[in-house]
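These are the residues of each chain, in order.
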Amino acid sequence: GGAGAGFIRRGATAGRGERLDGGATTDVWALGKYAYTGTFNNPCGGDPEAGVWIWDVHNANNPAFVGIIPSPVGSRANDVKVATMNSGDILVHSNESCAGGPGGFEIWDVSNPANPSHLASVDEINPISDALFGGIADVGVHNLWLFTNGPNDYVAAVAESAFDNFRIFDITDPTNPFQVSAWGAEEVFDP
């Protein structure tokens with residue numbers, strides 16, 4: 001057998017979606033009657049079965065595989081979050097390089113879980129100077145969180161960088177995300 005994602009209902013496993021590649025499943029996030037699982041270790045983006053797996057959990061005792069939101073080539077979709085935002089049902093997944101692929105994150109519309117629509121890629125989120133670190137222009141993202149504040153939608157990202165590793169992006173227009181804040185443990189505050 002392989003490893004999979006167990007779907008929990010009232011403290012007991014109700015059903016299980018199987019993946020044949022052991023150790024490949026990371027986060028499980030659900031919205032409505034669909035669940036989404038990330039990929040870690042193998043496979044890497046560009047390989048078959050790499051990306052976010054979509055599960056129909058209408059019947060929690062028998063989850064059904066729906067399809068895969070593909071990872072960018074050379075990256076894995078580790079962290080997955082999905083929520084109903086002002087702009088619709090939005091899924092974000094992190095990109096962590098596993099074969100020289102991009103870092104950052106992807107934004108998808110999953111209003112129709114059987115036919116997700118790619119909205120945007122955010123892959124150059126590292127403002128570290130070339131002189132200081134030798135040209136680092138793109139880093140992976142390990143964790144993401146979706147939230148709204150009034151009419152605006154946001155994604156918070158933890159970037160795998162030396163500085164400003166906590167970033168907030170406005171995704172009110174999910175086809176045009178932009179960074180609104182960045183900070184990290186290295187910041188010096190003068191009260």
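To start, this report covers the structure provided alongside it. Note that the structure is predicted; figures quoted are calculated from it, not measured. (Residues numbered from 1 in each chain as written. Predicted model: local features only at pLDDT ≥ 70, side-chain atom pairs only at ≥ 80, totals over all residues. Heavy atoms only, no water.)

## Details of the sheet that holds strand β12 (residues 117-122)
Here we have four strands laid out as an open sheet, ordered β8-β9-β11-β12, and antiparallel in their pairing. The sheet is open, and its two edges are formed by β8 (80-85) and β12, each paired on a single side. On average, each strand axis in the sheet is tilted by 20 degrees relative to the strand beside it, whichever way the strands run. (Pairing = 2+ DSSP bridges. Helix = DSSP H or I, 4+ residues; strand = E, 2+ residues; numbered from the N terminus. Axes fitted to C-alpha atoms, helices over the stretch in contact; angles between N-to-C directions.)

## Quick look at the sheet that holds strand β14 (residues 152-159)
Spatially, β13-β14-β15-β16 is the arrangement adopted by the four strands of the open sheet, whose pairing is antiparallel. This sheet does not close on itself; its edge strands, each paired only once, are β13 (141-149) and β16 (178-183). Strand-to-strand twist in this sheet, taken as the mean axis angle between neighbours without regard to direction, amounts to 20 degrees. Pairing analysis gives eight bridges linking β13 to β14, with the strands arranged antiparallel. From the neighbouring strand, V141 faces β14, where its bridge partner is A159.

## Focus on the packing of aromatic side chains
Aromatic rings in a pair are described by how distant their centres are and how their planes are angled relative to each other. Counted by the stated rule, this structure contains six aromatic pairs. Aromatic pair W53 and F65: ring centres 4.8 Å apart, planes at 55 degrees, arrangement tilted. One end of the pair, W53, is in strand β5 (residues 51-56); the other, F65, is in strand β6 (residues 64-70), and twelve residues separate them in sequence. The class of W53 is buried, set by a relative accessible area of 6%. Residues F105 and F169 carry aromatic rings whose centres are separated by 5.2 Å and whose planes lie at 70 degrees to one another, so their mutual orientation is edge-to-face. Pair noted here: F105 is in strand β11 (residues 105-109) and F169 is in strand β15 (residues 166-170), with a separation of 64 residues, a long-range link. In this pair, the class of F105 matches that of F169, namely buried. Three or more aromatic residues joined by ring pairs form one cluster here, namely W53, W55 and F65. The lysine or arginine in question, K81, covers the ring of W29, its NZ or CZ lying 5.0 Å from the ring centre. (Phe/Tyr/Trp six-rings, centres within 6.5 Å; stacked < 30°, edge-to-face > 60°. Buried < 20%, exposed > 50% of the residue type's maximum accessible area, 1.4 Å probe, protein only. Lys NZ or Arg CZ within 6 Å of the ring centre and 35° of its normal.)

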